[in-house]
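# Breakdown of the fold
Spelled out from the first residue to the last, the chains are:
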Amino acid sequence: MLRQIEGSRAVAETVALCRPEVVCAYPISPQTHIIEAVGVLVRTGALAPCEFVNVESEFAAMSVSIGASAAGARAYTATASQGLLFMIEAVYNAAGLGLPVVMTLANRAVGAPINIWNDHSDAMAVRDSGWIQLFAETNQEAADLHIQAFRLAESLSLPVMVAMDGFILTHAIERVDLATQEQVDAFLPPYEPRQVLDPADPVSIGAMVGPEAFEEVRYLAHLRQVDALTAIPAVASEFAEHFGRSSGGLLRPYRCEGADTVVVALGSVLGTIKDTVDAMRDDGLAVGVVGITSFRPFPAAAVREALAAARRVVVVEKAFSIGFGGVLSTDVAMALTGSGTPVTTVVAGLGGRPITGASLRECFEAAAAGRAEPLVFLDLNRSLIDRDLERSSARRRTGPTAENVLRDLGTVASGPT
Amino acid sequence: MPEFATDGGPTAARESGSPGSVEPPGSGGAGAAVRSEDPPGSRDATGPASPSSGQPVKFYQVGSFAVGNRLLDPSYRTVQSDALRTNALDSGHRACQGCGEALGARYALDAAMRATGGSMVAVNATGCLEVFSTPYPESSWRIPWLHSLFGNTPAVATGVAAALRVKGRPEVRVVGQAGDGGTVDIGFGCLSGMFERNDDVLFICYDNEAYMNTGVQRSAATPPAARTATTEAVGDEPGNPFGQGKNLPVLAMAHDIPYVATATVADLHDLERKVERAMEIRGARYLHLFVPCPLGWGAAPRDTIRLARLAKETGLFPVFEAEHGVVTAVSQIRRQVPVEEYLRPQGRYRHLFDPADPDGPPARPETVRRIQEIADRNIARYGLVGPAGSDAPGEAGPSDPSGRPYETGEAR
């Protein structure tokens, strides 16, 4: 059913169709609209039976989800940014215990400086936690990925995180084809846990494992993620059969035929990138795009295959590893090992900075011409950087960096610099 | 030396010329011959002797359940010697000799098993209990058991309870358990949330007053002056500084939850009854169980029960019950003892005494006096010592088997 609907609401209504039995809520922008909407659906009885638990922190939100899942209930929660980092110990724990919790991550920057706007720093911080991480390009995909997430999580006994860009997707009102209850029921069977807390068959879950077996347990977790590389496209193709539209999968190439330069990215920025590439194609430039949906597990073989014909690769990413460079681009470079294809990392959109088509085009053209640096910070205001460097070399007590930079920019009007 | 409200007193006992006497005061007065805590049929062996009548034959254990067991009505006898008893925590685990936590957990969870017909789930925090009971692939647990993290046990228990409710299995009850670190420190945020929402979980804190699993570091439950690895007995004020403390039972009561109780492993029937009472109630319940740790306290394994009893009998650990934020029952001190008797056998307080004369007067009398003040405040606050020779009505200890206060399920 086509609806003109906010991304958060589309996700909330779709999650409700998946019949989660325990939903934990702790508010953090820009995730709030999702849990608010699910809360209403529980209150009105539209989603029943379901326990909606207002917890005291994100750490509790994931912990309640862990308990609920271990006791055999389908568990869902949502968070963002600082919230994800606050629950990180439990995030790892849910994966280690093999509990199929599904969580929406409304991607947002991580402070300090505190910043509520979108980038992917939060998702990257839990890259190695053992969760499956799926990135939505559009609100349609965000909604659809949740249906697939429950299916994947429960079949693999692994938690799944659906990442959707905060504000850009969560707060955008656009057309979404929402699934029906009949469709979802036909696609998503009831949760049959692999392990469950049951007095009739008592088991100890979460026992200590020492050096004698820890590596093996970890390797088995890795194998499950490797299995997911097969399961993710299989579930996506089954989804297409049931719902009549294509969503999910490992990755999605766009106009890669004959492309010398291929751009790789995650999430909603793919829309802008595709528009840019369309325009460049119209001008006869051989540029293509590969959108990665499954960041974890990382589909290295599929990436290598999709980029096999490319002469150069540009990775646009909304996060970076401070002191080194790209995160996604490191994975892409690893996938291209031995191919000799140069990879340019373009760090863009940090803390919600708009990524414009014009800047992207300039960047892609430079890359296509072999002029791009290996690590590019898109639209970096060099004069701001220089002023701060100058200040900090001139005197010791310069005060808070963030405030100084804002003052230089003119955002903070008062006081001398 | 503080004054004691009971007849006689430690000073009086010493001065009355009874060397080697182990009996604390308060048992000799005629009016105190039969306490409400005494099991039926038992009598103080001294009879109505006066404190000054030489050397009365007395047994500290008279009136308790250890020696008195054979005098009890069979229905009051312990179930732990019964081959058919419930068995939540099986033998073969790796707790230290004399571990108060292992003892407390077994009695508490066995009682919960009896109360629920075995229909229960336990959620366990990281810590000694978790480590010694489940070294992979072995497990001592005969009940469904989940360990997630150190600080999230109350929230995990909430999740289990929510799942059971939504699954239509309300008969399966949930117990969360943690040490004092997992309860009063790192788990406190989640615990307060669990209390505030009145989630249907019994949470048990096994309080051994420090982080024992990591090697005896200070927690917010560590008492003043106690030596831990992070409050070493060095410097001008050795041991743990005197702070304000973090009184979890009172904090639990401040949440107005339906049931809060404290207990020690010195009175296991009292513990069992409190667990049974807790399982009669729905909503958030809190049980704070005092469990001595021989390793962490530098005490002899054989002294675990004795130290737990002394903690109660000094007033340092008040044993009481509360419902909806109101104290409903207090286990009165039977024979009040000065805190010194509790401190002296413990290595963690060794610096308070003279190493050349460990049985002599305290080397740090001021510190001992401040600890005594804490005990005295507890005694006044909870009314732990009734009028001499009387049993104040309504204040009979919950360990009173003849009262069997919870048979009817009514709040007292």
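Scoring rules and cut-offs
- Residues numbered from 1 in each chain as written.
- Chains lettered and ligands numbered in written order.
- Predicted model: local features only at pLDDT ≥ 70, side-chain atom pairs only at ≥ 80, totals over all residues.
- Heavy atoms only, no water.
- Helix = DSSP H or I, 4+ residues; strand = E, 2+ residues; numbered from the N terminus.
- Buried < 20%, exposed > 50% of the residue type's maximum accessible area, 1.4 Å probe, protein only.
- Areas by Shrake-Rupley, 256 points an atom, 1.4 Å probe, with all protein chains shown as cover.
- Rg over C-alpha atoms; globule rule 2.2 N^0.38 Å.
- Pairing = 2+ DSSP bridges.
- Axes fitted to C-alpha atoms, helices over the stretch in contact; angles between N-to-C directions.
- pLDDT = per-residue confidence, 0-100.
- Contact = heavy atoms within 4.5 Å.
- 1 Å grid on protein atoms, 1.4 Å probe; cavity = no way out; pocket = protein on both sides within 12 Å on 5 of 7 lines; lining within 4 Å.
- Points joined across faces, edges and corners; volume = space filled by probe spheres on them.
- Nonpolar A, V, L, I, M, F, W, Y, C, P; charged D, E, K, R; others polar.
- Salt bridge = Lys/Arg side-chain N within 4 Å of Asp/Glu carboxyl O.
- Right-handed = clockwise from strand over helix to strand, strands pointing away.
- Buried area = accessible area lost by both parts, 1.4 Å probe.
- Polar contact = N/O pair within 3.5 Å; in protein donor to acceptor, adjacent residues only side chain to side chain.

To continue, consider the overall build of chain B. In terms of helices and strands, chain B carries twelve helices and ten strands. Here chain B holds 412 residues, and the buried ones make up 58% of them. As presented, chain B carries roughly 16,200 Å² of accessible surface, and 53% of it is formed by carbon and sulfur atoms.

Quick look at the overall build of chain A now. Counting its regular elements, chain A contains 15 helices and 16 strands. In summary, chain A has a C-alpha radius of gyration of 22 Å against a globular reference of 22 Å for 417 residues, a match within 12%. Referenced to the eigenvectors of the C-alpha coordinate spread, the extents of chain A come out at roughly 70 × 55 × 55 Å. The proportion of buried residues among the 417 residues of chain A is 55%.

Here we take up the sheet that holds strand E15 (residues 343-347) of chain A. All names here are of chain A. Here we have six strands laid out as an open sheet, ordered E10-E12-E11-E14-E15-E16, and mixed in their pairing. Each edge of the open sheet carries a strand with a single partner, namely strand E10 (251-254) and strand E16 (375-377). Sheet twist, expressed as the mean angle between neighbouring strand axes with direction ignored, is 20°. In this sheet, strand E14 (residues 312-317) lies alongside strand E11 (residues 261-265) in parallel orientation, the contact comprising five bridges. Of the residues in E14, the one forming a bridge with Ala265 is Val316.

Attention now goes to the confidence of the model for chain B. All names here are of chain B. Considering every residue of chain B, the mean pLDDT works out to 82; 74% of them sit at 70 or more. Contacts from residues 1-53, a stretch scored under 50 in pLDDT, to residues over four places away or in other chains number 92 contacts. Contacts from residues 57-63, a stretch scored under 50 in pLDDT, to residues over four places away or in other chains number 26 contacts. Scoring of the predicted complex yields 0.88 for pTM and 0.95 for ipTM.

This next bit is on the layout of surface pockets. Residue and element names in this part refer to chain A. Estimates place the volume of the largest pocket at around 1,400 Å³. Forming the boundary of the largest pocket are 37 residues, of which Pro113, Asn115, Leu350, Gly351 and Arg353 lie nearest the centre. When residues of the lining of the largest pocket are traced back to their parent elements, those giving at least two are helix H6 (121-125), helix H14 (382-394) and helix H15 (401-409). Partitioned by chemical class, the residues of the lining of the largest pocket number 24 nonpolar, nine polar and four charged.

Next up on the list: the sheet that holds strand E9 (residues 204-205) of chain A. Neighbouring strands of a sheet are bound in pairs by backbone hydrogen bonds; such pairs are parallel or else antiparallel. Across the sheet, nine strands lie side by side as E9(A)-E2(B)-E1(B)-E3(B)-E4(B)-E6(B)-E5(B)-E7(B)-E8(B); this open sheet has mixed pairing. The open sheet terminates on both sides in strands that have one partner only, identified here as E9 of chain A together with strand E8 (326-330) of chain B.

Under the counting rule described, the total for this entry stands at 42 salt bridges over all chains. Between Asp198(A) and Arg169(B) there is a salt bridge, and its shortest N-O distance comes to 3.3 Å. Residue Asp198(A) is located in the loop between helix H8 (181-187) and E9, and its partner Arg169(B) is located in the loop between helix H4 (153-166) and strand E3 (173-179); the two belong to separate chains. Assessed through its relative accessible area of 29%, Arg169(B) is described here as partly exposed. Note that Arg391(A) is salt-bridged to Asp388(A), the shortest N-O span being 2.7 Å. Here the residue Arg391(A) and the residue Asp388(A) both occupy positions in helix H14, the gap between them amounting to three residues, near one helical turn. Overall, Asp388(A) belongs to the buried group, its relative accessible area being 16%. Bridged by salt links that share partners, the residues Arg387(A), Asp388(A), Arg391(A) and Asp408(A) form one connected network.

The next thing to look at is the pairing of E15(A). Residue and element names in this part refer to chain A. Summarising burial for E15: five of the five residues are buried, a large majority. Burial along E15 is two-sided: the face carrying Val343, Thr345 and Val347 and the face carrying Thr344 and Val346 are both buried. Of the pairings in the sheet, the one linking E14 to E15 comprises five bridges and is parallel in character. Across the sheet, the residue bridging to Val315 is Thr345, located in E15. Each parallel crossover has a hand, and the one from E14 via helix H12 (residues 328-335) to E15 is right-handed. Two strands pair when backbone bridges link them, and E15 and E16 are joined in this way by three bridges, in the parallel orientation. Note that in E16 the partner of Val347 across the bridge is Phe377. Assessed by its sense of winding, the connection that carries the chain from E15 through helix H13 (residues 357-368) to E16 is left-handed.

Turning our eyes to something else, we now look at the interface of chain A and chain B. At the interface, 37 residues of chain A touch 37 residues of chain B. For the pairing of chain A and chain B, the buried interface totals around 2,800 Å² over both sides, and the portion due to carbon and sulfur atoms is 65%. Area buried by chain A at its contact with chain B is led by Leu197(A), Pro199(A) and Met208(A), which between them contribute 19% of it. Linking chain A to chain B there are four salt bridges. Residue Glu21(A) is joined to Lys167(B) by a salt bridge in which the shortest nitrogen-to-oxygen separation is 3.0 Å. Linking chain A to chain B there are 15 residue pairs in polar contact (both at pLDDT 80 or more). Where the side of chain A that touches chain B is concerned, the elements lending two or more residues are strand E3 (51-54), helix H3 (58-70), helix H5 (88-96) and E9 of chain A.

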